[in-house]
Amino acid sequence: MRQSMRHSDLVYATASSPSAAVSSPIAASWIRCLDVHHLTPDVARTPLQVDGEAFRAARERLEPLIHACAEEFDRLYQTIGRSGCCIVLSDRNGVIIDRRGAPGDDVEFRKLGLWQQNLWSEASVGTNGIGTALADERSVMIHRDQHFLSSNISLSCATAPIRDHVGQIVGALDISTCRDDVTDLTLSMLSQAVRDVAGKLETTLFRMAFPAARIVMVPMAPVSSVALLAVDQHDMVVGATKAARIALKIDDARIRQGVPAVDALREERDGAVADLEEAERAALRRALSRSNGNVSQTAAALGISRATLHRKLKRLSIQ
C-alpha cells in the first residue's frame, strides 16, 4: 500500500508541474489520464473488454496484418519468449488481437488483463505501452512505475505502432514483462527488437498493397525509418510510406496529381529531352540484355535495322 501511495503521489505531483507535459512524454500521458480520461492512479482497474462481435470485427480488419506478421511474430517470441516476456499485437484502438506467451508467465499476464479481447488504450488503463504508443503515434518504453495505474507498475513495456501503406496506424506491437530485474538497457534492447519487427511488418504491408510496383528506398530519409516509394512502369509514384512522405514532402493529393519518381527523389535531370534520352537508353539496355548483347537479335526484337540500332547506341553512348 505504501508503494502504491508513493506512486500516486508522484503522479499527482508531476502532473501539477506547469512544464511537465513539455519536458516528459510520460508526464504528458499522466496529465491526459487525469484531465481527459478522468482516471485515478491508486484505484485498481482491469482493462475494458470488448464484446465478442466487436472483437471478431476488429480481428477481421486486422487479418492482413496478422497473416503478414505470423512468421516474424513467432521468430520474435522464440528469441525473447523464454525470458519472461509476452508479445502482443493490438489494433489501432488498443484491442489485443493476438499474443504469444509462455504458460508459466501467462498466469501473471492474464491477471493483469494483458490478454485477447481486452482494451489497452490510455482511456481504459492509463499510461501503458500500447495505449501511449497509439496516442503519441511513436515507439515508447514504459518502465514499471512510469505506468499511470499503481496496479500496473509491475509491468515493463516496449511498444511500436504499425502503419499501413498510406501511413495510417493500424495497430501496435508490444513486448511486456513482469520481471523485476529488467534494466533500462534490457528494455532498450527489447524496444529495438520490437521496432525492427514493426518496420519489417510495415514493409510487408506496403509490398502487399503495391504488388505490381517497383519498391524504391528513399535515400534522404533516416536509416531507421521505413521510407519506401512504390513506382509504376512509367516511373510515376503510386504509393509512399509515412517516412517517405515526410522526407520527400509529398501527400495523397500530390500522388494523385502525378509525380515522377525522379522528381520526388530530386534526381538531377536536364529537362524533358534528357528524360526522353534516359528512357530510350534504358529501353535499349534492357533489349540488349535480353538478347545477351547480340545486336542483330536486339534490332530484330525492336523492329529496326542494325544500322539504326548502331546509330542509337553511338548517340546514347551505350557500349
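The paragraphs below set out a description of the structure included in this document. All values reported here derive from a predicted model rather than from experimental measurement. (Residues numbered from 1 in each chain as written. Predicted model: local features only at pLDDT ≥ 70, side-chain atom pairs only at ≥ 80, totals over all residues. Heavy atoms only, no water.)

1. Some thoughts on helix H5 (residues 63-80)
No. 1: With 18 residues, H5 extends 24 Å between its outermost C-alpha atoms, agreeing within 8% with the 26 Å of an ideal straight helix rising 1.5 Å per residue.
No. 2: Along its length, H5 reaches its greatest deviation from straightness, about 50°, at Cys69.
No. 3: Of the positions making up H5, those classed as buried are Leu65, Ile66, Ala68, Cys69, Glu72, Phe73, Leu76 and Ile80. (Helix = DSSP H or I, 4+ residues; strand = E, 2+ residues; numbered from the N terminus. Expected span 1.5 Å × (residues − 1). Bend = angle between axes of the 7 residues up to and from the residue. Buried < 20%, exposed > 50% of the residue type's maximum accessible area, 1.4 Å probe, protein only.)

2. Points about empty space enclosed by the protein
Over the atoms rolls a probe the size of a water molecule, and in doing so it shows where empty space is left.
No. 1: A full pass over the atoms with the stated rule returns 1 cavity of 30 Å³ or more.
No. 2: Looking at the largest cavity, its volume works out to about 40 Å³.
No. 3: If you trace the largest cavity, you find it lined by Leu114, Trp120, Asn128, Gly129, Ile130, Leu155, Cys157, Asp174 and Ser176.
No. 4: Listing elements by their share of the lining of the largest cavity, those giving two or more residues are helix H8 (129-136) and strand S7 (169-177).
No. 5: Broken down by class, the residue content of the lining of the largest cavity amounts to 5 nonpolar, 3 polar and 1 charged. (1 Å grid on protein atoms, 1.4 Å probe; cavity = no way out; pocket = protein on both sides within 12 Å on 5 of 7 lines; lining within 4 Å. Points joined across faces, edges and corners; volume = space filled by probe spheres on them. Nonpolar A, V, L, I, M, F, W, Y, C, P; charged D, E, K, R; others polar.)

3. Concerning the packing of helix H3 (residues 25-35) against H8
No. 1: Their axes nearest at 11 Å, the elements H3 and H8 cross at an angle of 95°. When the axes of H3 and H8 are compared, the pair comes out roughly perpendicular. Of the residues in H8, those in contact with Pro25, Ser29 and Arg32 of H3 are Thr132, Ala135 and Asp136. (Axes fitted to C-alpha atoms, helices over the stretch in contact; angles between N-to-C directions. Parallel < 35°, antiparallel > 145°, perpendicular 65-115°, else oblique. Contact = heavy atoms within 4.5 Å.)

4. Section: the environment of Thr204
No. 1: Assignment of secondary structure puts Thr204 in helix H9 (residues 184-209).
No. 2: Residue class for Thr204 comes out partly exposed when judged on its relative accessible area of 30%.
No. 3: Thr204 sits 39 residues away from His165 along the chain, and the two C-alpha atoms are 9.3 Å apart.

5. Observations concerning the sheet that holds strand S8 (residues 214-217)
No. 1: Strand order in this open sheet of 3 strands is S8-S9-S10, and the pairing throughout is antiparallel. In the strand order of this sheet, the two ends are held by S8 and strand S10 (237-240), each with one partner. Averaged over all pairs of adjacent strands, the angle between strand axes in this sheet comes to 30°, irrespective of strand direction.
No. 2: For strand S9 (residues 228-231) and S10, the ladder comprises 3 bridges, and the chain directions are antiparallel. When the sheet's bridge partners are listed, Leu229 is paired in S10 with Ala240. (Pairing = 2+ DSSP bridges.)

So yeah, pure geometry; function would need other evidence.
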